[in-house]
Structure formats: structure tokens, C-alpha cells
Amino acid sequence: MNIFKKKCFYCGAKIKKGEETFEKVKVPEFTGIRLRTFCSKEHAELYKNNIKETKRTNYCPHCGI
């Protein structure tokens, strides 16, 4: 029994251990880059594209972060 299951940071779906994808992304509420869990690489890219348009997020064009 797992009390703390991983959830996708984009869609909220539960992820089985070993199937998760970790990405360093900017979270608007915090300063700096954070490691977050996603269910797929596509959801990580969708999150990055959606978050670029928020006012409090600055991505470096050279680093891709």
C-alpha cells in the first residue's frame, strides 16, 4: 500500500513507480527551477509551453529552461 503516490504535475493522473518522467521546470509561485514529475514527455512540454505565457516566468532561451 502506497500512501504517497506520484501524480502528474500537468494532468494530475496517478503514476506508477518507474513510469514517471522528471523535468526541471519553472513554477510561477516559487523562485528558481524545480524538479517535477510528469506522466509523459508530452505533458512536460505542454506545461513548459503553457507556463511561458505567464508574467512571473522567465525562461532562458539559451538553456531551454
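Model, not experiment: these values are computed from the prediction. (Residues numbered from 1 in each chain as written. Predicted model: local features only at pLDDT ≥ 70, side-chain atom pairs only at ≥ 80, totals over all residues. Heavy atoms only, no water.)

## Focus: the environment of F22
The following threshold applies: Secondary structure elements follow DSSP: runs of H or I of four or more residues count as helices, runs of E of two or more count as strands, with numbering from the N terminus. Working definition: with a 1.4 Å probe on protein chains only, accessible area under 20% of the residue-type maximum means buried, over 50% means exposed, and in between means partly exposed. Between two residues, a contact is recorded if the distance between any of their heavy atoms is within 4.5 Å.
Topologically, F22 is positioned in strand β3 (residues 21-26). For F22, a relative accessible area of 41% puts it in the partly exposed group. For the pair F22 and C8, spaced 14 residues apart in sequence, the C-alpha to C-alpha distance is 9.8 Å. Apart from the residues lying within four places of it in its own chain, the contact partners of F22 are K6, L35, R36 and T37.

## A look at the environment of E45
Take E45: it is sitting in helix α1 (residues 41-51). The exposure class assigned to E45 is partly exposed, which follows from its relative accessible area of 35%. Through-space distance from the C-alpha of E45 to that of Y10 is 9.8 Å; in sequence the pair is 35 residues apart.

## Some words on the nonpolar core
We count it as follows: Residues belong to one nonpolar core when they are buried, are Ala, Val, Leu, Ile, Met, Phe, Trp, Tyr or Cys, and are joined through side-chain atoms within 4.5 Å.
Of all hydrophobic cores here, the largest spans eight residues; its members are C8, I15, V25, V27, F38, A44, Y47 and I51. Beyond its immediate stretch of four places on either side in the chain, V27 contacts F9, G32, R34, R36 and Y47.

## Comments concerning the packing of aromatic side chains
Short version of the rule: Aromatic pairs are defined between Phe, Tyr and Trp rings, using the six-membered ring for Trp, whenever the two ring centres lie within 6.5 Å; interplanar angles under 30 degrees are classed as stacked, those over 60 as edge-to-face, and all others as tilted.
Throughout the structure, instances matching the rule amount to three aromatic pairs. For the pair F9 and F38, a centre-to-centre distance of 6.3 Å together with 90° between the ring planes defines the contact as edge-to-face. Of this pair, F9 sits in the loop between β1 (6-7) and β2 (14-15) while F38 sits in strand β4 (residues 33-38), and the two are 29 residues apart along the sequence. Under the relative-accessibility criterion, F9 is labelled partly exposed at 34%.

## A short note on α1
Owing to its 3.6 residues per turn, the α-helix brings residues three or four apart onto one side. To be explicit about the condition: Arc definition: it is the arc formed by the directions from the helix axis to the C-beta atoms.
For α1, the complete set of buried residues consists of H43, A44, Y47, K48 and I51. The buried side chains of α1 occupy one side of the element, clustering within an arc of 140° when seen end-on.

## Comments concerning the confidence of the model for the chain
This is how it is decided: On a range of 0 to 100, pLDDT expresses the predictor's confidence in each residue.
Across the chain, pLDDT averages 81, with 77% of residues at or above 70. Averaged pLDDT values over the elements of the chain bottom out at 89 in β1 and peak at 92 in β2.

## Side note on the pattern of salt bridges
Note the cut-off: Salt bridges are defined by distance alone: a side-chain nitrogen of Lys or Arg within 4 Å of a carboxyl oxygen of Asp or Glu.
Applying the stated criterion to the full structure yields two salt bridges. Between E23 and K41 there is a salt bridge, with the nearest N and O atoms lying 2.5 Å from each other. Of this pair, E23 sits in strand β3 while K41 sits in helix α1, placing them 18 residues apart in sequence. On the basis of relative accessible area, K41 is assigned to the partly exposed category, the value being 45%. Of the charged contacts in the structure, one is a salt bridge between K48 and E23, with a shortest N-O distance of 3.2 Å.

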